[in-house]
Amino acid sequence: MNKRSTCAALAALLMGTAAFASSAFADNLTMWVRASGTNAAAHLVDLWNSTHPDKIELTTIPDTQMVTKLATGVQAKEVPDLVSFDLIYMPDFMKAGFLEDLTAELKADPNFASVAKAYVDIATYQGKIYGAGFTPDVSILVWNKDLFKQAGLDPEKPPLTIAEIHEDAKKIRALGPDIYGFYFSGACPGCNIFTTSPMMVAAGSKILPANGQDDALTGDGVKAVLEQFKEMWSEGLIPKSAQADSGANFASIFKTGKIGIQGTGGFLLSELKHDVPNMGFGVTFLPGVTEGQASSFVGGDVVAIPKGSKHLAVAKAFVAWELTDEAQLEGLAKNNILPSRPSLADNKYFAADPRVVVTAKAIGVGYVPWVYHFADMVNSDSSPWINMLQRAIFDGDVDGAIKEARQKMKDIASE
Amino acid sequence: MRAQRSRQLQGWLFIGPALLFVAIFVLFPLGQLALTSLTDRSLLGGGRFIGVENYLRIWRDSSFWRALAFTVQYTLVLTPILMGLGYALALLTFENTPLKRLTRTIVFVPVIIGLSSSSLLWFWLLDEQVGLFNKLLVDLHVLKEPIVWFISADLAFWAVVISITWKVVGFGLVLFVSGIQSINPDIIEAAIMDGASYWSRVRLIILPLTRRILLLTTLVSAIGSMLAFDQFYIMTSGAPRGQTFTAVYWIYQNSFVSFKLGYSSALSVVLTLVILILAALQITLTVRSEAA
Amino acid sequence: MSAATIPSELGALAPRRRRRTPPSVYLAIAACVAVMAIMAAPLVFSFLASIESTTEASSAPHYLPHSFGLQNYLKVARYQAGLATYVGNSTLVALMTIVACVALAAPAGYGLARFSPYGKEIAFLILLAPMMIPYQALLTPLYLDFAKFGLVDSRIGLAIVHTILQLPFSVYLMRNAFESIPREIEEAAMIDGCSATRRLAYIFLPLAVPGLVTVALFAFINSWNEFLAALVFMNREFSFTVPILLVSVRTGDHGAVDWGALQASIVLSVIPCLVVYLALQRYYISGLLSGAVK
């Protein structure tokens, strides 16, 4: 062999070894995410993958199957290394012992200290912490500024109480036969726990019982909100189709520009700006009964590590990483997703649009219910929550509906 | 005698592999299911043995009986529609002219798309806001204004019946056509020459000679309807207020939403028994009428 | 007149006797056209909606699209692991299901049709039993069992589950197909000293091709479209099959329905099955007795 080919061979050998070495020490992690959170999660995971040798492979699970897959997976010992799911399932999973204890790492992490309280609460069980906020979303009230102007209302003044929503909706309805003052998805339990329950909470009610001894639907807020909704419905301020809407039109209908006011989620903002850039709209907190009362449902996905994860160290590193400024700003805020640390709400990406800042701040005033069997109590198609809403608003029996739901929720909580 | 016995043994050898497969992959898990039904196991793990308590609970579970009644109603309405329409279409199109073959193909295409796809397709068509079905009916002056199909249990029921008829009628069509085509054409010829009218040919020759496939297809279709789930899950979500839950949907709710694996296993066992009894009844009737 | 031909005008009198076609023929043609229009309409509208832009697909009902674009198809094709991966998985699983169904159902149908073992009816009922069980209920115990043998997240495991679903119907079809083969042929073979297995392979199977093709067709279609078991048994994006893609891609952020992607996914899910159906049509429409009896 002559000198040149020897050099080439050595170089090839060195490069090969280096490549082999780095790939030999780099891990491939698997991560499950639910379908509605995929886009958001992908931003973070792509950012991680581009800056770290260990790669995460994302698998999308249809929303309704996530719980089942995780539950059967843990029992069959076929789990991913990381999982991101709807945070309301945390209590069930923590109680069942499906998740790794992250208390030590998170408590020591300064970034964790500035995470929204709601996210910390939902991830804590018997003093231990099992997950962190990942791709947050929060509910807010939107109003159509163009319709407000046409109806003679001040487009910069949002309704500050539920009664004001009612009044404003009446004026907007008068604008035309296919213009409606208000909207809510009448057959969608999840949409309503997201946007309607915060109004009840803002008015002082507690919605769900934490256990069998706890009370459900306390306070006057529930009745006050249901009464207003019932009246708006009977006055025709809400489209007839709302009664059967199980969520399919929850996001799209406000975009048509024919709805005056609606409760919705932070996710809608970027969609509105993208799909109907000429529509003027405003964002505010969901109100209660008196001025100054406000709340929101702090939702979205948390990230956790299932028991049996094969790459524990790297998985923990990922959880720590996603709470850093870099990940929260470059991964989430840059892509119009809310950071789980409200202290980052005022950042350069959100500065251009104060509405997004409002949304990010809403995480700070919001609540998240800590309950077992959330699906049974709320999200299920025959849950006491949706039954109450439909009986109160569409059938007109507010008191009976609340009474029935209180009892059923307590029954479920005590199982 | 020995030849007879060795023939029998041979028969078993051929049936053997399929039987073994079913035993391992169906009967065994079914046994596990039955065992789980005697516990209060949760989807999230754990559970103790509680004997027949789950079954006693079923007895008192009005939601289950309502779901079962709904499912039976659905089966009793849908099956005659499917079989009647399928058979009528078979009579229309069993000949092998290009037009009739094309018709058969088009009728069969909906069978090919998945049940979840077709349910979503109709969900879209029937949607009050974006759906074309309502618009079409209004434009044809059949309706004055669009119906919100999923507001009431009755309308939702018919919405599902319409969508499933569209999807599944081709299945019956194909089977009935193969049945009619396998009738010896000489018999038909003879009838024509004897001057028999079209309807009496249908009544006296075609129907009786395709009886077997008609009855067995009815059975398969009925069982499928008793086990209906996907279409309701997607189109009605059990709304309004759980009135359009089918039996399997109720089992699903208990398993995956309420996490009550033990209880839902018991529900599955009960449903299977109900279907077995109904199927046995129908088979017995079939065998008896064939013997007559 | 040969027994193998089916006269093409069973409902009308023989052409020799009449010179004008009777009105019933026109009626039949009109009926066929009406039926085709009704049956095809939903799919045609779905296709039209799929080539619209995303926003238009979610807007008020309209017959013809105003905007054209292939964004919906691109979205489906590029989703997560890419359409090619899912199609590959689905195809492999469907093919394995076909092989398993035929390999199990053909001998079983033969045994049930041609031999009369004691308890034949019971065997038949056992083989039909899986149809009567809500299979969703079986998935959880099966999953836990399969996990112990490494059959989770494997296409072989999924093919086994699909075979469970298809086997009863396949056995029924094969038994039917074999029963309609005339005894004389078999007796002739037996006299010639042909063994049972030989008879199955060389005589019955070729004669039952239409039945086999029907089995293959339904096995393919049902395996291709099967969603729940695929989701339960597969754990990684790269193992997923087409139906899972179709459900995931319809879900926009936060549960909104992407109607445009939905239409594109419906169209895409129809095409492969339609191709298979059209390709195989010849074999089983051509009648069950293709000139076998002299």
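Structure: above.
Parameters and conventions
- Residues numbered from 1 in each chain as written.
- Chains lettered and ligands numbered in written order.
- Predicted model: local features only at pLDDT ≥ 70, side-chain atom pairs only at ≥ 80, totals over all residues.
- Heavy atoms only, no water.
- Contact = heavy atoms within 4.5 Å.
- Salt bridge = Lys/Arg side-chain N within 4 Å of Asp/Glu carboxyl O.
- Polar contact = N/O pair within 3.5 Å; in protein donor to acceptor, adjacent residues only side chain to side chain.
- Helix = DSSP H or I, 4+ residues; strand = E, 2+ residues; numbered from the N terminus.
- Nonpolar A, V, L, I, M, F, W, Y, C, P; charged D, E, K, R; others polar.
- Core = buried A, V, L, I, M, F, W, Y, C linked by side-chain atoms within 4.5 Å.
- Buried < 20%, exposed > 50% of the residue type's maximum accessible area, 1.4 Å probe, protein only.
- Pairing = 2+ DSSP bridges.
- Expected span 1.5 Å × (residues − 1).
- Phe/Tyr/Trp six-rings, centres within 6.5 Å; stacked < 30°, edge-to-face > 60°.

**Student:** Would you take a moment to explain the interface of chain B and chain C for this structure?
**Tutor:** Quite often, the size of an interface is put as the accessible area lost when its parts meet. Taken residue by residue, the interface counts 91 residues in chain B and 99 residues in chain C. Where chain B packs against chain C, one counts zero salt bridges. Between chain B and chain C we count five residue pairs in polar contact (both at pLDDT 80 or more) in total. In terms of residue count, the dominant contributor to the side of chain B that touches chain C is helix α1 (residues 2-36) of chain B (20 residues). Of the residues contributing to the side of chain B that touches chain C, the split by class is 62 nonpolar, 17 polar and twelve charged.

**Student:** How should I be thinking about the nonpolar core in this particular structure?
**Tutor:** A general feature of soluble globular proteins is that nonpolar side chains tend to end up buried together. Grouped together as the largest cluster of nonpolar side chains are 333 residues, with contacts concentrated most on Leu-82, Phe-85, Phe-182, Leu-226, Phe-318 and Met-388 of chain A together with Phe-233 of chain C. Ranked by the residues each element gives to this core, the list is headed by helix α7 (residues 153-181) of chain B, at 15 residues. What Met-388 of chain A contacts, discounting residues up to four positions off in sequence, is Met-200, Leu-217, Val-222, Leu-226, Ala-401, Ile-402 and Ala-405 of chain A.

**Student:** How should the pairing of strand β12 (residues 298-304) of chain A be read in this particular structure?
**Tutor:** If a strand is regular, its side chains alternate between the two faces of the sheet. All names here are of chain A. Burial of β12 is extensive: seven of the seven residues sit out of reach of the surface. Where strand β3 (residues 82-86) and β12 come together, four bridges link them in antiparallel fashion. Within β12, the residue paired with Asp-86 across the bridge is Asp-301. As paired elements, strand β6 (residues 131-144) and β12 share seven bridges and run antiparallel to each other. Looking across to β12, one finds that Ala-132 is bridged to Val-303.

**Student:** Even after reading the chapter, I still don't get the pattern of salt bridges, so can you show me in this structure?
**Tutor:** Oppositely charged side chains may form a pair once their charged atoms are brought near each other. Residues and elements named next belong to chain A. In total, this model carries 23 salt bridges over all chains according to the counting rule given. In this structure, Lys-206 and Asp-214 form a salt bridge, with 2.6 Å as the shortest nitrogen-oxygen distance. Note on Lys-206: relative accessible area 32%, which makes it partly exposed. Residues Lys-408 and Glu-404 are paired through a salt bridge, measuring 3.1 Å at the closest nitrogen-oxygen approach. Residue Lys-408 and its partner Glu-404 are both found in helix α21 (residues 398-413); the two are separated by four residues, about one turn of the helix. With a relative accessible area of 40%, Lys-408 lands in the partly exposed category. When salt bridges that share partners are traced, they join Arg-34, Asp-63, Asp-86 and Asp-301 into one network.

**Student:** Help me understand helix α2 (residues 38-51) of chain A in this model?
**Tutor:** All names here are of chain A. Compared with the 20 Å implied by 1.5 Å per residue over 14 residues, the 20 Å span of α2 between its first and last C-alpha is a close match. Within the span of α2, buried status applies to Thr-38, Ala-40, Ala-41, Ala-42, Leu-44, Val-45, Leu-47, Trp-48 and Asn-49. In this structure, the buried residues of α2 make contact with β1 (28-34), β2 (55-61), β6, α15 (312-322) and α16 (325-332).

**Student:** Looking at this structure, how should I read the packing of aromatic side chains?
**Tutor:** Aromatic ring pairs are reported here in terms of the distance separating the ring centres and the angle at which the planes meet. All names here are of chain A. According to the stated counting rule, one finds 51 aromatic pairs over all chains in the structure shown. Relative to Phe-98, the ring of Phe-93 lies with its centre 5.7 Å away and its plane at 35 degrees, an arrangement referred to as tilted. Ring geometry for Phe-184 versus Phe-394: centroids 6.0 Å apart, planes at 10 degrees, classification stacked. A residue pair is termed long-range when its members are at least 10 positions apart, and Phe-184 in the loop between β7 (180-183) and α10 (189-195) and Phe-394 in the loop between α20 (384-393) and α21 qualify at 210 residues. Relative accessible area serves as the criterion here: at 4%, Phe-184 is assigned to the buried category.

**Student:** I'm lost on the interface of chain A and chain B in this one. Help?
**Tutor:** On the side of chain B, 24 residues touch chain A, which itself brings 30 residues to the contact. Our count for the contact surface shared by chain A and chain B stands at four residue pairs in polar contact (both at pLDDT 80 or more). Those elements that place two or more of their residues in the side of chain A that touches chain B are α3 (66-76), α4 (90-95), α19 (374-379) and α20 of chain A. Here the residues of the side of chain A that touches chain B sort into ten nonpolar, 13 polar and seven charged.

**Student:** Can you help me understand the side chain of Asn-254 of chain B in this one?
**Tutor:** Residues and elements named next belong to chain B. Locating Asn-254 in the fold gives a position in helix α12 (residues 247-257). Judged by relative accessible area, Asn-254 falls into the buried class, the value being 2%. Once you skip the residues sitting within four places of it in the chain, Asn-254 turns out to touch Phe-259, Lys-260, Tyr-263, Ser-264 and Leu-267.

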